[in-house]
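Overview (structure and organization)
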Amino acid sequence: MKKSIHISSCIMAALLALSAPAFAADGQGTADQTPKSKGSSESVAVKAPIVSSQGDDLVKPQAVTKESQQATALNSSRDGAYVRQTAESYWTSERMANATPIESIESAEQIADAQAQAAAGDSIKPMDEGKAAPEQVVAKPMAPTANASATKAETADGRVTNYSQTNGKVFFRNATNGKDYVCSGSSVTSSSKRLVITAGHCVHGGGKNGKWHQNWVFVPGYDRGKAPKGKFQAASLRAYKDWIDKGGNNSAVGFNSDVAFVTTHDGTSGGKVNEKVGGHGIIAGGSWTFGVDIFGYPANLDRGQAMKSCSSKTARAQMQSWYFYTVQGCNFEGGSSGGPWLQSYANGTGQGYVRSVTSHMLVGRNTIRGPYFDQRLAGLYKEADGSR
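From a predicted model like this one, the values you see are computed outputs, not experimental measurements.

Here's the deal with the overall build of the protein chain
The helix and strand tally for the protein chain stands at 8 helices and 20 strands. Scored against the burial criterion, the 388 residues of the protein chain give a buried share of 60%. Taking the contacts inside the protein chain whose residues are at least 6 apart along the sequence as the reference set, 76% of them involve residues at least 24 apart. Here the protein chain displays about 14000 Å² of accessible surface, and carbon together with sulfur accounts for 46% of that area.

Observations concerning the packing of aromatic side chains
Aromatic rings considered in pairs are described by the distance between their centres and by the relative angle of their planes. Enumeration according to the criterion identifies 13 aromatic pairs in this entry. Considering the side-chain rings of Phe171 and Tyr222, the 5.4 Å spacing of their centres and the 65° angle between planes classify their relative orientation as edge-to-face. Of this pair, Phe171 sits in strand β6 (residues 167–173) while Tyr222 sits in the loop between β9 (214–220) and β10 (232–240), placing them 51 residues apart in sequence. A single burial state applies to Phe171 and to Tyr222, both of which are buried. Aromatic pair Phe172 and Tyr181: ring centres 6.3 Å apart, planes at 40°, arrangement tilted. One aromatic cluster is present, built from ring pairs that chain together Tyr90, Trp91, Phe171, Tyr222 and Tyr297.

Some details on the side chain of Asp293
Within the secondary structure, Asp293 is located in strand β13 (residues 291–296). Assessed through its relative accessible area of 3%, Asp293 is described here as buried. Looking at Asp293, its side chain comes within polar contact range of the side chain of Arg159, at 2.6 Å. Ignoring sequence-local partners within four residues, the contact set of Asp293 consists of Arg159, Val160, Cys310, Ser311, Pro340, Trp341, Leu342 and Tyr345.

Thoughts on the sheet that holds strand β14 (residues 308–313)
Ordered by their spatial adjacency, 6 strands build an open sheet running β5-β12-β18-β17-β13-β14, and the pairing between neighbours is mixed. Edge positions in the sheet fall to β5 (136–139) and β14, since each has one partner strand and no second. Averaged over all adjacent pairs, the angle separating strand axes in this sheet is 35°, with direction ignored. With 3 bridges connecting them, β5 and strand β12 (residues 281–284) associate as antiparallel partners.

Details of the pattern of salt bridges
Tallied over the full model, the rule gives 10 salt bridges. Where Arg194 meets Asp266, a salt bridge forms, and the shortest distance between an N and an O atom there is 2.7 Å. One end of the pair, Arg194, is in the loop between β7 (180–187) and β8 (195–198); the other, Asp266, is in the loop between β11 (260–264) and α7 (273–277), with 72 residues separating them in the sequence. Assessed through its relative accessible area of 8%, Arg194 is described here as buried. Its relative accessible area of 40% is what places Asp266 among the partly exposed residues. One network of salt bridges, in which partners are shared, links Asp223, Arg224, Asp302 and Lys308.

Describing the pairing of β10
Among the 9 residues in β10, 9 count as buried, and that is most of the element. Direction of pairing for strand β2 (residues 43–47) relative to β10: antiparallel, over a ladder of 5 bridges. For Val44, the partnering residue across the bridge sits in β10 and is Ala239. Where β10 and β11 come together, 5 bridges link them in antiparallel fashion. For Ser236, the partnering residue across the bridge sits in β11 and is Thr263.

Section: the nonpolar core
Ranked by internal contacts, the top residues of the largest apolar core, which has 56 residues, are Trp216, Leu237, Phe261, Ile282, Phe373 and Leu377. Among the nonpolar cores identified, the runner-up in size contains 16 residues, and Val292, Val327, Phe332 and Ile368 belong to it.

Notes on the state of the cysteines
The full count for this structure, using the stated rule, is 2 disulfides. Linked covalently through their sulfurs, Cys310 and Cys330 form a disulfide whose S-S length is 2.0 Å. Where Cys310 bonds to Cys330 through sulfur, the torsion about that S-S bond is close to -75°, and the disulfide is left-handed. Taken together, the residues Cys310 in strand β14 and Cys330 in the loop between β16 (322–328) and β17 (340–346) connect sequence positions 20 residues apart. With respect to class, Cys310 is no different from Cys330; both count as buried. Once the bonded cysteines of the protein chain are numbered in order along the sequence, the disulfide links fall as 1-2, 3-4.

Conventions we followed
- Residues numbered from 1 in each chain as written.
- Predicted model: local features only at pLDDT ≥ 70, side-chain atom pairs only at ≥ 80, totals over all residues.
- Heavy atoms only, no water.
- Helix = DSSP H or I, 4+ residues; strand = E, 2+ residues; numbered from the N terminus.
- Buried < 20%, exposed > 50% of the residue type's maximum accessible area, 1.4 Å probe, protein only.
- Contact = heavy atoms within 4.5 Å.
- Areas by Shrake-Rupley, 256 points an atom, 1.4 Å probe, with all protein chains shown as cover.
- Phe/Tyr/Trp six-rings, centres within 6.5 Å; stacked < 30°, edge-to-face > 60°.
- Polar contact = N/O pair within 3.5 Å; in protein donor to acceptor, adjacent residues only side chain to side chain.
- Pairing = 2+ DSSP bridges.
- Axes fitted to C-alpha atoms, helices over the stretch in contact; angles between N-to-C directions.
- Salt bridge = Lys/Arg side-chain N within 4 Å of Asp/Glu carboxyl O.
- Core = buried A, V, L, I, M, F, W, Y, C linked by side-chain atoms within 4.5 Å.
- Disulfide = S-S within 2.5 Å.

See below:
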């Protein structure tokens, strides 16, 4: 039976074993009409929560609205002290090395919740028959102001020879159990020069028991405990409401919206993230099939201590009545969630166009999947670029 898990958040094995969803990898999809949105375009943003090493609240996840954007003011002296404490004191090399992917769902109650969420999700109409939307360039790649060298790897995976520091590792504290976990992410071009893209479950637990993750930090080019370009603490976190309300329980509706943007503070070594490591571009819509280079920090390879890549070709997968990008053969497991799926990746520049992020996998199938960036993505990006 098929099983599905989050690759770095909840390892959701149980529901797919029970529901046995259809799986298609036909690579089809035409742009002959603009499909209907696959979910709600509504998103939620909060001031990134910070706690002390003892778990005491320092900054709570207050909502970020147009009227309260100053809540994430990057020059706040009070928040600045907490940011330094979190990025420099909390996330020590030892703590980063010991952070792990989140554990699996096992209880009958959680399985029942998953089934209920999945059933509710099917009442929301997905994209018409999996048709592809017209391609839209949301952002173009940008080079760093400062020189950003490649992260050296012992061997090159596939066609990749430049393990670009535009990609990196994400660390956070789970507010539910107080444990430290990991994801992957990447810097993307933005007017603020502060945006990082990752998976929705890498910023929020999803579902009725989910909470915003704490002490969220992006470490571009992370390599065996080293942070060559510094650590970038989150100022605000933004995710789709569909993920927040319906994610975390193996719901296809949640997985469909499993993407998030994070606005970051200046790094511990100074500068904005785009200035230090550049930014990938972003493409929404387009064909279901494209040549892809996927980056991340899977814990099953080198214990997640070094960046890995997988070069392949995407196809289309179906879960319940929803469609996703799919790639087979990458051997990416826990820790790789949120890593970018890049089109037109150039080894010379270390940049490409993000068309999805690693979301979940099929256990025993060596298959990973990511959400299709539909027409909602441009709005999410623009809202995130203003939530600072």
